[in-house]
Amino acid sequence: MTSSHTDCHFCLQSLRGRKYALREENAYCVPCYDSLYANPCEECKLPIECNSKDLAYKGRHWHEGCFRCAKCSRSLVEKPFAAKDEVLLCTECYSNEYSSKCFHCQKTIMPGSRKMEFKGSSWHESCFVCQYCRQPLGTKPLITKDNENYCVPCFEKQFAHHCYACEKVITSGGVTYHDQPWHKECFVCAGCKTQLSGQRFISKDEYPYCVDCFSKFYAKKCAACKKPITALGGAKYISFEEHQWHGECFNCMKCSVSLVGQEFLTRQDDILCHKCGSA
């Protein structure tokens, strides 16, 4: 190049007929400029001379021919790239090494593309769809079954049980009684309407009853203490003619000796041991 500058600002040699470079309005011959100001190449460590193209990224510099993918060595000039631990990679190599794999198709989710995350796994947006209707799930409520995702309407249509009592869908939990599904809150005592889930109950005419209600409505009364007799917990009872007794209540009316397994006599509604009855 030619200009009004006649001497190199550093070595003072004449610039007539020579190439030179300007810096802060001062002219330098090419050797002086390169030795003073040329950036070292990040790859080959040689100076990037003023007649070479200097490619810069985050304060680092490369020759045009050195600006390549660290893994596959393809040129990154005017191409998208990514950096990992200060190493430059083309998008394909970066994706293969570091990008998430789609849970559905197992293909790489490329940098810059939208991905969906659910339960620690990632999906392409186009792969994150209802297994039944194939509509995108996005951020809609969903239910997972056998590692497949369903929108709520499709899951209810395909898999959900309907409560025997209220006929509404059971989305989680539930109770099975007489081979029929029930909501926990719908499975109640036929008498007092107390929830029976996790509680002891007795079935009568296909209806469930809590122990208290069953005893109140259906259990036979002990002829001695007049309290209900239930078989829950393995309780023993004695039956004779039309009367029943708790095992611990089946005692002689006079001397209170236990008559369980013993001979006894009856006098109207009373029971007596052989000795008291013979007296």
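Every chain's residues receive numbers from 1 upward, in the order its sequence appears when written. Owing to the predicted nature of the model, reporting of local features is limited to residues with pLDDT of at least 70; listing and counting of side-chain atom pairs is limited to 80 or more, with chain, interface and lining totals taken over all residues. Side-chain measures were taken over the full set of non-hydrogen atoms in the model, leaving aside hydrogen atoms and water.

Lay out the overall build of the chain with the relevant residues and their values.
Under the DSSP-based scheme used, a helix requires at least four consecutive residues in state H or I and a strand at least two consecutive residues in state E, with every element numbered from the N terminus. If you tally the helices and strands in the chain, you get five helices and 22 strands. Scaling as 2.2 N^0.38, a compact globule of 279 residues should have a C-alpha radius of gyration of about 19 Å, whereas the chain reaches 46 Å, well beyond that. Along the longest, intermediate and shortest principal axes, the C-alpha atoms of the chain span 150 × 40 × 30 Å. The buried share of the chain, reckoned over its 279 residues, is 31%. Whether two residues are in contact is decided by their heavy atoms: any pair within 4.5 Å suffices. Put simply, of all contacts in the chain between residues at least 6 apart along the chain, 11% involve residues at least 24 apart. Only the protein chains shown count as cover for residues, and all accessible areas are computed by the Shrake-Rupley method using a 1.4 Å probe. Surface summary for the chain: the accessible area is close to 19000 Å², and the carbon and sulfur share equals 48%. Counted as positive: Lys and Arg. Counted as negative: Asp and Glu, with His and the chain ends omitted from the count. Taken as the charge centre is NZ of Lys, CZ of Arg, CG of Asp or CD of Glu, depending on the residue. On the chain, the mean spot of the 36 positive side-chain charges and the mean spot of the 31 negative ones are 4 Å from each other. Within these notes, the globule rule equals 2.2 Å times the number of residues to the 0.38 power, and the radius of gyration is based on C-alpha atoms. Burial classes: relative accessible area under 20% of the type maximum marks a residue as buried, over 50% as exposed, and values in between as partly exposed (1.4 Å probe, protein chains only).

So what about the packing of aromatic side chains? Which residues, and what values?
Whether two aromatic rings pair depends on their centres lying within 6.5 Å, for rings of Phe, Tyr and Trp, where Trp uses its six-membered ring; planes under 30 degrees apart make the pair stacked, over 60 edge-to-face, and the rest tilted. Summed over the entire model, instances satisfying the criterion amount to 22 aromatic pairs. Look at F103 and W123: their rings are 5.1 Å apart centre to centre, the planes differ by 50 degrees, and that puts the pair in the tilted class. Of this pair, F103 sits in the loop between helix 2 (91-98) and strand 7 (115-118) while W123 sits in strand 8 (residues 121-124), placing them 20 residues apart in sequence. The buried category is assigned to W123, whose relative accessible area is 6%. Over the face of the ring belonging to F159 we find K145, whose NZ or CZ atom lies 5.2 Å from the ring centre. In this analysis the charged atom, NZ for Lys or CZ for Arg, is taken to sit over a ring once it is within 6 Å of the ring centre and within 35 degrees of the ring normal.

Which residues make up the confidence of the model for the chain, and what are the values?
The predictor attaches a confidence to each residue, and that confidence, scored 0 to 100, is pLDDT. Averaged over all residues, the pLDDT of the chain is 84; the fraction at 70 or higher stands at 95%. No element of the chain has a lower mean pLDDT than strand 18 (residues 228-229), at 76, and none a higher one than strand 4 (residues 60-63), at 93.

Could you give me a rundown of the pattern of salt bridges, with the residues and numbers involved?
Between side chains of opposite charge, pairing is possible as soon as their charged atoms come close. Salt bridge criterion: a side-chain nitrogen from Lys or Arg within 4 Å of a carboxyl oxygen from Asp or Glu. Counted under the stated rule, the structure contains four salt bridges. A salt bridge links R60 to E42, with the nearest nitrogen and oxygen atoms 3.7 Å apart. With R60 in strand 4 and E42 in the loop between helix 1 (30-37) and strand 3 (54-57), this pair connects stretches of sequence that are 18 residues apart. Owing to a relative accessible area of 30%, E42 belongs among the partly exposed residues under this scheme. In this structure, E92 and R74 form a salt bridge, with 3.3 Å as the shortest nitrogen-oxygen distance. In this pair, E92 sits in helix 2 while R74 sits in the loop between strand 4 and strand 5 (81-84), placing the two residues 18 residues apart along the sequence.

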